[in-house]
Structure formats: structure tokens, C-alpha cells
Amino acid sequence: VGHFINTVPVHTRVDVNKTLAQHMQGVFAGVQQAMKYKHFFFSNIVRAMPSLRRKGSSQPISDVAINFFDTGVLRHGSAAAAALEALTVPQQTTAFALMLHVVRTGSGAWHVELRARNHNDAARACLNRMAWQLETLLRKVALDADTALASKVGHLMLHLDVLGLDRFQPRLEPQLLHLLAREGLRQGACRPSDTAVADEHGELTYAELFWLANRVHAWLAAKKLPPSTPVGLDMPKCRYQPAAALGVLQAGCAFVPFSKTWPDERTALVRERCELRVVLSMQGAGAPALRDLQRLDVDVLHAEHERLCLQQRQKASPTGGHGDATGVSGAAVCAAKADGETEQEWCSRIMEPHVPFAEVSPKDPAYILFTSGSTGTPKGVVVQHGGACNTVVHTAEMFGMRQLGHAFRMFAITQLTFDLSIFDTFAVPMSGGVIVVPTDDISRDPEAWVELCHKYSVTTWNSVPAFAQMLCEYCETLEVRVPSMQHFMLSGDFVPLPLPQQLRRVTTEQCAVL
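First things first, this report covers the structure right here in the doc. Once a new chain begins, its residue numbering starts again from 1 and follows that chain's sequence as written. Per-residue local features are limited, in this predicted model, to residues with pLDDT of at least 70; the limit for side-chain atom pairs, both in listing and counting, is 80 or more; totals at the level of whole chains, interfaces and linings are taken over all residues. Only heavy atoms go into the side-chain values, all of them from the structure, while hydrogens and water stay out.

## Examining the packing of helix 13 (residues 385-398) against helix 14 (residues 420-431)
- Only C-alpha atoms enter the line fits that serve as axes; for helices the fit covers just the stretch in contact. Angles between N-to-C directions range over 0 to 180 degrees. Secondary structure counts use DSSP, requiring at least four H or I residues in a row for a helix and at least two E residues in a row for a strand, with both numbered from the N terminus. Close contact between helix 13 and helix 14 brings their axes to 10 Å; oriented N to C, the two are set at 65 degrees. The angle between helix 13 and helix 14 falls in the class roughly perpendicular. Once helix 13 is placed against helix 14, the crossing between them reads as right-handed. Contacts from Val392, Val393, Thr395 and Ala396 in helix 13 reach Ile422, Phe423, Phe426, Ala427 and Met430 in helix 14.
- Its residues assigned to classes, the contact of helix 13 with helix 14 comprises 8 nonpolar, 1 polar and no charged. Orientation is classified from the angle alone, with under 35 degrees giving roughly parallel, over 145 giving roughly antiparallel, 65 to 115 giving roughly perpendicular, and any other angle giving oblique. By the definition used in this description, the sense in which the near helix is turned from the far one sets the handedness, with an anticlockwise turn below a right angle giving left-handed and a clockwise turn giving right-handed. It only takes one pair of heavy atoms within 4.5 Å for two residues to be counted as in contact. Residues are grouped as follows: Ala, Val, Leu, Ile, Met, Phe, Trp, Tyr, Cys and Pro are nonpolar; Asp, Glu, Lys and Arg are charged; every other residue, Gly included, is polar.

## Examining the packing of helix 15 (residues 446-456) against helix 16 (residues 465-478)
- Here helix 15 crosses helix 16 at 85 degrees, and the two axes come no closer than 9 Å. Classified by the angle between their axes, helix 15 and helix 16 sit roughly perpendicular to one another. For the pair helix 15 and helix 16, the contacting residues are Pro446, Glu447, Trp449 and Val450 in the first and Phe467, Met470, Leu471, Tyr474 and Cys475 in the second.
- Looking at the contact of helix 15 with helix 16 residue by residue, the classes come out as 8 nonpolar, no polar and 1 charged.

## Looking at the packing of aromatic side chains
- Paired rings are identified among Phe, Tyr and Trp, the last through its six-membered ring, by centres lying within 6.5 Å, and are further divided according to the angle between planes into stacked (under 30 degrees), edge-to-face (over 60) and tilted (the rest). Under the counting rule described, the total for this entry stands at 8 aromatic pairs.
- With 5.9 Å between their ring centres and 85 degrees between their planes, Trp449 and Phe467 make a pair best called edge-to-face. Placement of the pair is Trp449 in helix 15 and Phe467 in helix 16, with a sequence separation of 18 residues.
- Relative accessibility thresholds used throughout: buried, under 20% of the residue-type maximum; exposed, over 50%; partly exposed, between the two (1.4 Å probe, protein chains only). Judged by relative accessible area, Trp449 falls into the buried class, the value being 0%.
- A centroid spacing of 5.9 Å and a plane angle of 40 degrees characterise the contact between Trp461 and Phe488, whose relative ring orientation is tilted. Residue Trp461 is located in strand 14 (residues 460-463), and its partner Phe488 is located in strand 15 (residues 487-490); the two are separated by 27 residues in the primary sequence.
- Residue classification places Trp461 among the buried positions, given a relative accessible area of 0%.
- Here, over-ring charges are defined by two tests on the NZ atom of lysine or the CZ atom of arginine: distance to the ring centre within 6 Å, and angle to the ring normal within 35 degrees. Its guanidinium or amino end placed over the ring of Trp262, Arg266 lies 4.2 Å from that ring's centre, counting from NZ or CZ.

## A few points about the sheet that holds strand 1 (residues 64-70)
- The sheet built from 3 strands is open, its strands ordered 1-2-3 with mixed pairing. Since the sheet does not close on itself, it has two edges, and those belong to strand 1 and strand 3 (110-116), each with one partner. Recorded for the sheet is a direction-independent mean angle of 15 degrees between the axes of neighbouring strands.
- Pairing between two strands is assigned when DSSP locates at least 2 bridges connecting them. Sheet analysis places strand 2 (residues 98-104) next to strand 3, joined by 7 bridges and oriented antiparallel. The residue bridging Met99 from the neighbouring strand is Arg115, located in strand 3.

## Describing unusual backbone geometry
- In this structure, Lys224 is a non-glycine residue whose phi angle is positive, near 55 degrees.
- Counting through the fold element by element, Lys224 comes out in the loop between helix 8 (206-222) and strand 6 (230-233).
- Residue Lys224 is classed as exposed on the basis of its relative accessible area, which comes to 71%.
- Notably, Glu479 is not glycine yet its phi reads approximately 55 degrees, a positive angle.
- Along the chain, Glu479 turns up in the loop between helix 16 and strand 15.
- By relative accessible area, which is 73% here, Glu479 ends up exposed.

What follows is the structure, encoded as C-alpha cells:
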């Protein structure tokens, strides 16, 4: 029946350029070769291979296993056959994270199932998708065993996960949000002169975005704040928010966004909980409960940048009295491209911070968001760099947004106090696209939304369903469309069943509602 007293390793390799018949021949030859050593204890092999070291005796050597039983050699209906076929019971547990379980019964039928160590709903849904992909592949290759496997794979996800195994070769993505935001420029998906952030009042190029972030970083570094110090972002929704958040992260601090809609009691509570010492804001804005903190107005920094661009094109120069308005050192590098400066030189100069980035690990806090407090006192949720980076990268790549490059245009309608906004703020510069920000002045004006979407050819919308419903109703009433839209990302609340089809009517039939 089988060698139950010893495990015999069989070496094989998947090559998509080979046919199914060639693979079957190769596995058969591998089994024959391995059986020569069936009396060699498997434990000796494990001890001889340092890469197979385990942390405990109960930990399997591999998280994935193939389990094959052939009861066809036994008389159908016999006790031995029944005992082996009983192993196909779905409730049987497995010591492996994933097991492909195959049984050929005495009647000639085949039983194939995927099993997982976890039995929650998410694991079952994942197994169902994998089983469908496996069945699709097997049916295709079974029709023609003499054709290369690669020609039989028509499903992209199947090709990546099962054959190419690309997803098992992790890309070396930055695990810090402020470094991830520079990937678009570093990889050439955009240029320093390209628009990075825009609202209805103006734009920031990538050069200006990182220039402002570097200035915020330098201002915070001069305060000599301890690592992971919370820094308040008390500014209305506008094109300056991403630069402020990036500057805080570069300084090794964690940003804490505030909202002008909060009551004074909530603002004071968040300030107290975070022990805030400094806050970033805009001239003439900000909550009264935060005005006695050390403060930097980011829009004043931008005005200083524009003066520098006019005064000096090649090198930084002292700004004298102009620097007193912000408290930032007058020495600054102008974001404008200098005469005779190449694109690469310009890009390198803009990317270079005025002071070195703080030492930060993926486990350090990146930002703190506070719950609504509807069930009690608002609670602060500390989110680390690594987890946020994984979410941003995976989502942008899974749905094809990162591949759009500079054509990736995000309508960032969600307030920074909600976690949806994190994807808007960092996925777009990572891809080299444009963050289109509707300010608080038009936060409830769908007519202005449509104008911005048309002006910047917006491709992606990320919000709660209510905002998408407002857009839909406006477009249907006035019979206007937003044909550039490719993705609607809806979360945070119940999605009405008719809404996805309504959104496709005002965009295109190909628009994905996620």
C-alpha cells in the first residue's frame, strides 16, 4: 500500500515550456530514482540540510504538501479500500498550511480536494478560488497532453500563482511610507515637472511636493523631537496635505490628522492623548484648542518657494527677513530647474533632503487615527509603516492602478482623518500619478467634482458609498458622464445593490466597482 515508516523525497520541477506528458514522465522517473533510497531515513536528510531547520518538532518542514492515495489496487468494497477512502472526509485536519489531497478509489473515480489548516470563511473562499483555477488548468492540459503548459494558461492569476510563481518572489518594495512615495519619481514613472497634487485653486509639481516635504522635515528636525513623536496636521483638505504628511514621516514622527468639523472637546482630547507639542497648519486656519502649540504654516512655505524661484535659479540663498514668517532656516534649495541642469541632476537634487532622513523601521508608527467615539471615548489607532505599505502596494498592483503610471489620477475626496485617505496619499506618488483634491469648499458639490474629474481625467475614486451616490445622482440628472473613470473603490458603509450598475452608466461599462 505504501511506505508508512519512512518519507521518501522526490525531486521534480515545473517548466511551463514542457508538456503534461513530459511532466508525468519526469515525475515517474523521479519516483523510481527515489525508491532506490527508501531505506535511508528521512530524518538524516533533514539533519544534512540546514535550510530545513525547524523551530519545533511539531512544525512541518514544508507548509505545502501533496497527499496521494491509490486504492485502485485494492478490491473495491474491501475493508482496506474503505479505510483509505475514509481519508477523503472533508473534516480531516491537516498539519500543513495547504494540502492537495488526491485519492483514486476502487471504482476508478478520482477525489481531489484542497485542504487548509485554517477553517475560517476567508480561508474557504481562497481555497474555492484556488480549486477553480486548478480545475481549469487540469481540464485544459488534459485535452492535449502533448502541448506545452504555457499555451494552455489563459487566466492571468493562474499563470502568475501556479506556473510563473511570480508572487512567491517578493519585490523589494520600500517598507516606509515616505520612501514608497518617492518610487514613482525614482523609477521614471513621472518627472519632477509633472503635476503631483492638484485642487481647484492650484497645483504642486513633484519637485514642489518633495521640496515642501523636505522643508517640513528640516523644521521638525530642528525641534529635536524624540522618535515617533506625534505631530498634528490641523489643516483643511487641500493640495498641501500630502507634503505635510511626507515631511512628518521623513522626520521619524507620526502624523495625527485633525478635522475642522470636530467639536472643541474632541480636538482637546486628541491633543491630550497624543501629548502634542507641534502642529502643521495653514495661515488663518486651525482649531482654537491647538493654536498655542509650536506651529508651521505649510502654505507660507510654498509662498517662500515661489519667491526663491524668482530670486535665484541655481543655488539657495538666505531669505533674510522672509524666513521669519515660518521659523525655517533661510538656506533652501529651489525646486526650479537650473539653467544647464540635466533632468537626472534636477531629479537627484530635488529628491535629496535638506537633512538626512530619520532612522525608522517598518514597525515604527506612521500615523494615528482616532475612532469616532460613537460608543464611548475616541480611541487612537497607531498604524505602523510596514502594514500600511503592504496595503498600498498590494491594492495598487492587484487592480492595475500602479501600471497606469502618470495616467493614474485619484479623486481624493476622503478626509485625512479616515483610513481610506492613506491609499490616496501614498499609492498615487508611488505610481507617479496625480492626487486630485477637492477642498472643503466643494466637499459637497458634485458639479465641481465633475469639473475636476474632466480637467484631470480622473481614473480612480475612493470613498464611502454616499459620495459615489451623490456623483451618480448628479450625473444622471444632468445627463453628464465621467468616461475617464476606471475604478470606484467603495468601503466603510453599506453599498446599495443598484449603485455599481448606476456608476457604470455614468462612466463606462468597463469601470470596475470594488
